[in-house]
Amino acid sequence: MTLMELLHAAPVIPVLVIESPDDAVPLAEALVSGGLPNLEITLRTPAALTAIERIARQVPDARVGVGTVRSDADIRAAWDAGASFAVSPGLPPSLRAIEHPIPLLPGVMTPTEVMTAYELGFHAMKLFPAKLAGGSDFLRAIAGPIPDAVFCPTGGIREEDLPRYLALPNVACVGGTWMAPADALARKDWGLIETLARRAVQIAHDEPTTTGQAAGVQPQAGEEDPGAALETLR
Ligand SMILES: O=C(O)C(=O)C[C@H](O)[C@H](O)COP(=O)(O)O
């Protein structure tokens, strides 16, 4: 599976901060059961590489990636542990080689960064931090001059924002942490995490959620009316 295929295979990539390696497998199983098989394990904790290794071995339906990548050494360590893709908040010179052992989704935030990444051969990018970068307005604007760059916006995104992002033709999927909140992880509440993953999939597919709440969205401060944004795209 190419990176582009992987990004289109599920509407959301959970961005995970795992403190205890023992949480890795039940957490991954909950997210996969909820319909989100693409997982980004951030290198923010000492447990991250062990978590990747365990998920790669024990959760065959998950596609486990490594996040918070800052160097080629990070990518190699994660590849050794079994990661199948890598995500970085940016694209520093040390990561610019397109030939890493696993595909890299680099972070971008400005038109020049999008153009640079594209020129280097990275046609899929993480818009980060998406909300601060301008969110769906940025993505709609950049599709004018650079329509063939594909994005996974991440950073400040919540479930109610999904329809607004996923309606854009240059968005393959969205990244976020909301479906695996730290307090649910601390309580090992895998049921809640599975429910939140399933809700994300339902909202992404514009289905009523299991709690009966419509998959509608409310405009947030500083954001346009998402209903109007969807109308514009139709
Ligand atoms: O660690 C990384 O590699 C990152 O790039 C940062 C994460 O993607 C964001 O922290 C997402 O977090 P939320 O804004 O809560 O969805």
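Please read these numbers as outputs of a predicted model, since none were measured by experiment.

Student: Whenever I open this one, the overall build of the chain confuses me. Can you help?
Tutor: Counting secondary structure elements, the chain contains 11 helices and nine strands. In the chain, buried positions account for 47% of the 234 residues. Restricting to contacts in the chain with at least 6 residues of sequence separation, those with at least 24 account for 59%.

Student: I would appreciate a short explanation of the sheet that holds strand E6 (residues 107-108) in the present structure.
Tutor: Either a parallel or an antiparallel arrangement is found when strands of a sheet pair, and the pairing is made through backbone hydrogen bonds. An order of E6-E7-E8 is seen for the three strands of this open sheet, with the pairing classed as parallel. Each edge of the sheet is formed by a strand with only one pairing partner; in this case those strands are E6 and strand E8 (150-151). Examined bridge by bridge, strand E7 (residues 124-127) and E8 share two bridges and lie parallel to one another. Among the inter-strand pairings, Ala124 is bridged to a residue of E8, identified as Val150.

Student: Is there a simple way to explain the site of the ligand in this structure?
Tutor: Not every one of the 14 residues close to the ligand is listed here, only the nearest: Gly67, Thr68, Pro89, Gly176 and Thr177. Of the residues in the shell around the ligand, the class split is four nonpolar, nine polar and one charged.

Student: Could you clarify how one ought to interpret the sheet that holds strand E5 (residues 104-105) in this entry?
Tutor: Ordered by their spatial adjacency, six strands build an open sheet running E5-E4-E3-E2-E1-E9, and the pairing between neighbours is parallel. Each having just a single partner strand, E5 and strand E9 (174-176) make up the two edges of the open sheet. Two strands pair when backbone bridges link them, and strand E4 (residues 85-87) and E5 are joined in this way by two bridges, in the parallel orientation. Of the residues in E5, the one forming a bridge with Ala86 is Leu104.

Student: It is not clear to me how the pairing of strand E3 (residues 63-67) should be interpreted in this structure. Could you clarify?
Tutor: On a regular strand, one side chain projects to one face of the sheet and the next to the other, so that they alternate. Of all five residues in E3, five are buried, a share of seventy percent or more. Residues Arg63, Gly65 and Gly67 of E3 are buried on one face, and the alternating residues Val64 and Val66, pointing to the opposite face, are buried as well. With five bridges joining them, strand E2 (residues 38-42) and E3 adopt parallel strand pairing. Looking at the pairing, Glu40 lines up with Gly65 of E3.

Student: Honestly, unusual backbone geometry in this entry has me stumped. Any pointers?
Tutor: Glycine aside, a negative phi is what most residues show, and trans is what most peptide bonds show. With an omega of -10 degrees, the peptide bond running from Phe128 to Pro129 counts as cis. Tracing the sequence through the fold places Pro129 in the loop between E7 and helix H6 (130-133). Despite not being glycine, Thr68 has its phi angle at roughly 60 degrees, a positive value. Checked against the element boundaries, Thr68 lands in the loop between E3 and helix H4 (72-81). Look at Asp206: it is not a glycine, yet its phi comes out positive at around 60 degrees. Note that Asp206 resides in the loop between helix H10 (190-204) and helix H11 (226-233). Of the residues examined, Asp206 has 14 C-beta atoms within 10 Å and is grouped as partly exposed.

Rules of the game
- Residues numbered from 1 in each chain as written.
- Predicted model: local features only at pLDDT ≥ 70, side-chain atom pairs only at ≥ 80, totals over all residues.
- Helix = DSSP H or I, 4+ residues; strand = E, 2+ residues; numbered from the N terminus.
- Buried ≥ 20, exposed ≤ 12 C-beta atoms within 10 Å, placed from the backbone.
- Contact = placed C-beta atoms within 7 Å.
- Pairing = 2+ DSSP bridges.
- Near = placed C-beta within 6 Å.
- Nonpolar A, V, L, I, M, F, W, Y, C, P; charged D, E, K, R; others polar.

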